[in-house]
Amino acid sequence: KERAYISIINAKWNRAILKNLPYEEIRDTEFVAVISVKIDDKAIFTITNEHLYYLKISKSEIFEIARKNTLAQNYCIQSLEAKLEELLSKEVVAEMTMVPEQEYASAVVVTNKDGFEGITALLSKEILESLCKILRSERITIIPTSQYEVIVVNQNVIDIDWRAIKDITDTEVSLEHQTLNHLYL
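Quantities reported herein were computed from a predicted structural model and do not represent experimental measurements. (Residues numbered from 1 in each chain as written. Predicted model: local features only at pLDDT ≥ 70, side-chain atom pairs only at ≥ 80, totals over all residues. Heavy atoms only, no water.)

Chemist: Would you mind going over the overall build of the chain with me for this structure?
Modeler: Looking only at helices and strands, the chain has seven helices and eight strands in total. Within the chain, buried positions represent 39% of all 185 residues. Looking at the chain alone, contacts between residues at least 24 apart form 65% of all its contacts between residues at least 6 apart. For the chain, the exposed area adds up to about 11,400 Å²; of that, 51% sits on carbon and sulfur atoms. (Helix = DSSP H or I, 4+ residues; strand = E, 2+ residues; numbered from the N terminus. Buried < 20%, exposed > 50% of the residue type's maximum accessible area, 1.4 Å probe, protein only. Contact = heavy atoms within 4.5 Å. Areas by Shrake-Rupley, 256 points an atom, 1.4 Å probe, with all protein chains shown as cover.)

Here it is as structure tokens:
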């Protein structure tokens, strides 16, 4: 039970498999929460309705356990620039057109310590409140690039080129790990 946690998937893209999975809809979005069990750092599996039957546990019980385990994870909030420097050379990042330096972040990347299922940070009211404080805005835009991480921006500071982000996500992230195909405001 301590290995059960929430995974977020796109409901529309996964209609067929949802027939066999316990899931919960996430309000005002097109994604749903399902239960995954982490075996080790590389292996996970998704709980089916059949598993619930054999484990003699209800859907609400498994979700309560998984939600507790999920929200107990260590989440990371990192500036977008720092994340880009991890992925690209500092010289490439310096050449990119960035928002002028400010005394606060205008865009951050959110994930968990494992860099997997980082999108589940959005299930935490406390993390969402922290993001608003960090970005100094009550209005944030969440760009769900994948299950691994999301980009969160201050709506008042950054003009988002959604098509460019979607193009990168479509080419760099497999469909099974993509979550949404539009912004979540």
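Chemist: Explain the sheet that holds strand β7 (residues 140–143) to me, please; I cannot follow it from the model alone.
Modeler: In a beta sheet, neighbouring strands are held together by backbone hydrogen bonds and run either parallel or antiparallel to one another. Across the sheet, four strands lie side by side as β5-β6-β8-β7; this open sheet has antiparallel pairing. Edge positions in the sheet fall to β5 (75–79) and β7, since each of these pairs with one other strand and no more. Each strand of the sheet is rotated relative to its neighbour by a mean of 25°, with strand direction disregarded. (Pairing = 2+ DSSP bridges. Axes fitted to C-alpha atoms, helices over the stretch in contact; angles between N-to-C directions.)

Chemist: Help me out: how do you make sense of unusual backbone geometry in this one?
Modeler: Apart from glycine, the bulk of residues carry a negative phi angle, and the bulk of peptide bonds sit in the trans form. We note that Lys56 has phi near 55°; this positive angle belongs to a residue other than glycine. Following the sequence through the fold, Lys56 ends up in the loop between α2 (49–55) and α3 (59–71). Of the residues examined, Lys56 reaches a relative accessible area of 73% and is grouped as exposed. Of note, Arg136 is a non-glycine position whose phi angle comes to about 50°, a positive value. Looking at the secondary structure, you find Arg136 in the loop between α6 (125–134) and β7.

Chemist: Hey, could you run me through the packing of aromatic side chains in this one?
Modeler: Each aromatic ring pair is described using two quantities: the centre-to-centre distance and the angle formed by the ring planes. What the rule picks out here adds up to one aromatic pair. Aromatic side chains Tyr53 and Tyr54 sit 5.3 Å apart centroid to centroid with 75° between the ring planes, which places their arrangement in the edge-to-face category. The class for Tyr53 is exposed, based on a relative accessible area of 62%. When its relative accessible area of 58% is taken as the criterion, Tyr54 is described as exposed. Between Lys59 and the ring centre of Tyr23, over which it is positioned, the NZ or CZ distance is 5.9 Å. (Phe/Tyr/Trp six-rings, centres within 6.5 Å; stacked < 30°, edge-to-face > 60°. Lys NZ or Arg CZ within 6 Å of the ring centre and 35° of its normal.)

Chemist: Would you mind showing me how to read the side chain of Ser137 here?
Modeler: Inspection of the secondary structure assignment puts Ser137 in the loop between α6 and β7. Here Ser137 falls in the buried class, since its relative accessible area comes to 7%. Engagement of the side chain of Ser137 in a polar contact is seen with the backbone oxygen of Arg139, the distance being 2.7 Å. Apart from residues no more than four positions distant in its own chain, Ser137 is found in contact with Cys132, Asn154 and Asn156. (Polar contact = N/O pair within 3.5 Å; in protein donor to acceptor, adjacent residues only side chain to side chain.)

Chemist: Help me understand the pairing of β7, please; the structure alone is not making it clear to me.
Modeler: One face of the sheet, then the other: side chains in a regular strand alternate in exactly this way. In β7, alternate side chains face the same way, and those of Ile140 and Ile142 on one face and Thr141 and Ile143 on the other are all buried. Pairing of β7 with strand β8 (residues 150–154) involves four bridges; the strand directions are antiparallel. Looking across to β8, one finds that Ile140 is bridged to Asn154. Two successive antiparallel strands, β7 and β8, enclose a turn made up of six residues.

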